[in-house]
Structure formats: structure tokens, C-alpha cells
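# Remarks on the overall topology
Spelled out, the chains give:
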Amino acid sequence: VYSECLPHDHGESEGWVKILKGCASHGYYSNKRIIPKLTKEELLSEGAVIFAPKKMVHHMANKMSNSLVTLHFYFPPISNMEVFDIGARRAAIVSSDCGAWWPESHDQLFKSRSLKCE
């Protein structure tokens, strides 16, 4: 089953992700633009570890038919994470329980903004 999170940063946190099972597509974005732009995408195998420094914008996806299991660590705990819905040209600072998806409830949405064309 294909699944993908939105491009996002980890706010004030650094993050590490380990691929426990399967392969993950991992994309890096330029975060120096009005609208983040995908600059690199790679396929990561089981056992790979990704380091995501503060404010790095990235996304992960399972584009295979096999299961993907990942383990995520953040330090300090996530706060001020921003997710980017590029197709809808919007971005939001979300609560720590939201994850890298557009908020399902208003309680998960701290602040939102439009992404203007460059």
C-alpha cells in the first residue's frame, strides 16, 4: 500500500529515523524558498538511518507493495513542527501529536499560512 507523509521539518528538534523493515523513499527539500522544492530523493534499505537536523525539510514514503516499518527519535521532543501541503499551497505549525500530515482537528493546528507562488 502506497503511503507518504507531507514534507515537514522537525521544528526545534533533531531527528533520527531507522528503517526497521522494508525500503523507504526519502526526499530532501530546499527550505530556503517560499515553497519548498524537492532537491534529492533516495531509496533507503532496511537498517539505514537518517539524521534530520533542525529545520531540515524532508518527506518519507512507502512506494513499494511491501510493509515499511520505521522508528523515529527526536531530541528535544518535537515542538513547532511545520508541515507543507505543497499541492494546496499551504503550510502549518502543528501539535506534537499531529505527525507529518495535515491536521485532522483544529486542536492540532497552531498556525497556518499560504504558500505564495515565486
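Residue numbers run consecutively from 1 along every chain, following the written order of its sequence. Thresholds applied to this predicted model are a pLDDT of at least 70 for local features of residues and 80 or more for the giving and counting of side-chain atom pairs; totals over whole chains, interfaces and linings are not thresholded and use all residues. Hydrogens and waters are ignored; side-chain quantities use all the structure's heavy atoms.

This part is about the pattern of salt bridges. Each salt bridge in this description consists of a side-chain nitrogen of Lys or Arg and a carboxyl oxygen of Asp or Glu lying within 4 Å of one another. Scanning the model with the defined rule gives five salt bridges in all. Residue K55 pairs with E12 through a salt bridge whose shortest N-O separation is 3.5 Å. Within this pair, whereas K55 is found in the loop between β5 (49-52) and β6 (57-62), its partner E12 is found in the loop between β1 (3-4) and β2 (14-21), the two being separated by 43 residues in sequence. For K55, a relative accessible area of 36% gives the class partly exposed. Residue class for E12 comes out partly exposed when judged on its relative accessible area of 36%. A salt bridge links D85 to R90; its shortest N-O distance comes to 3.0 Å. Three exposure classes are used, based on accessible area relative to the maximum for each residue type with a 1.4 Å probe and protein chains only: buried under 20%, partly exposed in between, and exposed over 50%. According to the relative accessible area criterion, D85 is buried, its value standing at 15%. Numbering of helices and strands runs from the N terminus; a helix is a DSSP stretch of H or I covering at least four residues, while a strand is a stretch of E covering at least two.

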